[in-house]
Amino acid sequence: MAWKDKRGLLNSEQKDENENTNTNNDNDNTNGTARMEDILNEVLVDDDRGLQRRHFVNTTLLVHFFGPKGKREIRYEEFRKFMEDLQTEVQELEFHEFSKGLDCISQVDFAKILLRYTYLESEDYDLYLERLVERIKLEQGITFIEFRAFCQFLNNLDDFNVAMRMYTLADRPISQEEFRRAVRICTGTDLSSHVIETVFQIFDTDDDGHLSHREFIGVMKDRLHRGFKIASKSEGFDAFKNCLKQELRVT
């Protein structure tokens, strides 16, 4: 602080020096406050759950895709291969759960896998399985290659639906040959005759060799969501009953 004169007052030079010092202190305080706000904005986030610390978590998947520093780029082909390998592993787990170490699963097990995550009522679920059991003439297993090919077809279910709507303007049932042709158009591959026959045995309601593709697509779309489909919220005993049915079907 500048010294006062004999009268206890500051001269003009001393006043200017003191004012400049105060101004610099104010600027430093302002800059310090701004820097502190920037730091807090980086560390904290204020959302609908209130003020809380930001969480930056480098998951294994993020590190795998973009490297430890997050600067690596991933190509489309690399990501596509990752997704295909991931889907194959999930399909293998599901297949081996029913195959019990064998190379094939039964046709009934195949039907259980298809209907596993659907929102069918218990009576309808049992009806599909009973219909299949009654129509099986010769038990023939389904290999993982056949099962995987069908799962790949389900990934193109929307394209199949469009093809069917264009082909059957009157929404008439389709035959096995028409079904096979539509699958080939959508996926570029063929399903085995055995798998297609099993699908028709499950979903052909009157056993006339034709399939209502609308019903089939409706059920298979539930299967694709794997139980994560957002449905209308129910409460009370109805919610408990639906939850119990779903758990019993999965287990």
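Quantities reported herein were computed from a predicted structural model and do not represent experimental measurements. (Residues numbered from 1 in each chain as written. Predicted model: local features only at pLDDT ≥ 70, side-chain atom pairs only at ≥ 80, totals over all residues. Heavy atoms only, no water.)

Colleague: Give me the overall build of the protein chain: which residues, what numbers.
Modeller: A count of helices and strands for the protein chain gives 11 helices and six strands. Of all 251 residues assigned to the protein chain, the portion counted as buried reaches 28%. Residue pairs at least 24 apart in sequence account for 63% of intrachain contacts in the protein chain once pairs closer than 6 positions are excluded. By element, 53% of the accessible surface of the protein chain is carried by carbon and sulfur atoms, the whole surface being about 17600 Å². (Helix = DSSP H or I, 4+ residues; strand = E, 2+ residues; numbered from the N terminus. Buried < 20%, exposed > 50% of the residue type's maximum accessible area, 1.4 Å probe, protein only. Contact = heavy atoms within 4.5 Å. Areas by Shrake-Rupley, 256 points an atom, 1.4 Å probe, with all protein chains shown as cover.)

Colleague: Break down the nonpolar core for me, citing the residues and quoting the values.
Modeller: In terms of nonpolar packing, the biggest core is built from 42 residues, with Phe150, Phe153, Phe160, Phe179, Phe203 and Phe216 touching the most fellow members. Contributions of two or more residues to this core are made by helix 3 (76–99), helix 4 (107–114), helix 5 (122–135), helix 6 (144–154), helix 7 (157–167), helix 8 (176–187), helix 9 (193–203) and helix 10 (213–225). If we skip the residues at most four places from it in the chain, phenylalanine 160 touches Phe153, Ile174, Phe179, Ala182, Val183, Cys186, Phe216 and Ile217. (Core = buried A, V, L, I, M, F, W, Y, C linked by side-chain atoms within 4.5 Å.)

Colleague: An account of the packing of aromatic side chains is requested, with residue identities and associated values reported.
Modeller: One pass over the structure, following the stated rule, counts 18 aromatic pairs. Ring centres 4.9 Å apart and planes at 80 degrees place the aromatic pair phenylalanine 65 and phenylalanine 82 in the edge-to-face group. Here phenylalanine 82 lies in helix 3 and phenylalanine 65 lies in helix 2 (residues 60–66), a separation of 17 residues in the sequence. Taking the centre distance of 5.6 Å and the plane angle of 75 degrees together, the rings of phenylalanine 179 and phenylalanine 216 count as edge-to-face. (Phe/Tyr/Trp six-rings, centres within 6.5 Å; stacked < 30°, edge-to-face > 60°.)

Colleague: Outline unusual backbone geometry, supporting the account with residue identities and numerical values.
Modeller: Most peptide bonds take the trans configuration, and most residues that are not glycine carry a negative phi. Phi is positive for lysine 100, close to 55 degrees, though the residue is something other than glycine. Using a relative accessible area of 69% as the deciding quantity, one classes lysine 100 as exposed. A positive phi is found at aspartate 207, a non-glycine position, where the angle reads about 55 degrees. Taking relative accessible area as the criterion, aspartate 207 reaches 52% and is therefore assigned exposed.

Colleague: So what's going on with the confidence of the model for the protein chain? Which residues, and what values?
Modeller: Of the residues in the protein chain, 63% reach a pLDDT of 70 or more, and the chain-wide mean stands at 76. Note that pLDDT drops below 50 for residues 227–233; the model gives that stretch six contacts with residues more than four away or on any other chain. (pLDDT = per-residue confidence, 0-100.)

Colleague: Can you explain helix 9? Please cite residues and give values.
Modeller: Taken across its 11 residues, helix 9 has nine buried, putting it largely inside the fold. For helix 9, the complete set of buried residues consists of His194, Val195, Ile196, Thr198, Val199, Phe200, Gln201, Ile202 and Phe203.

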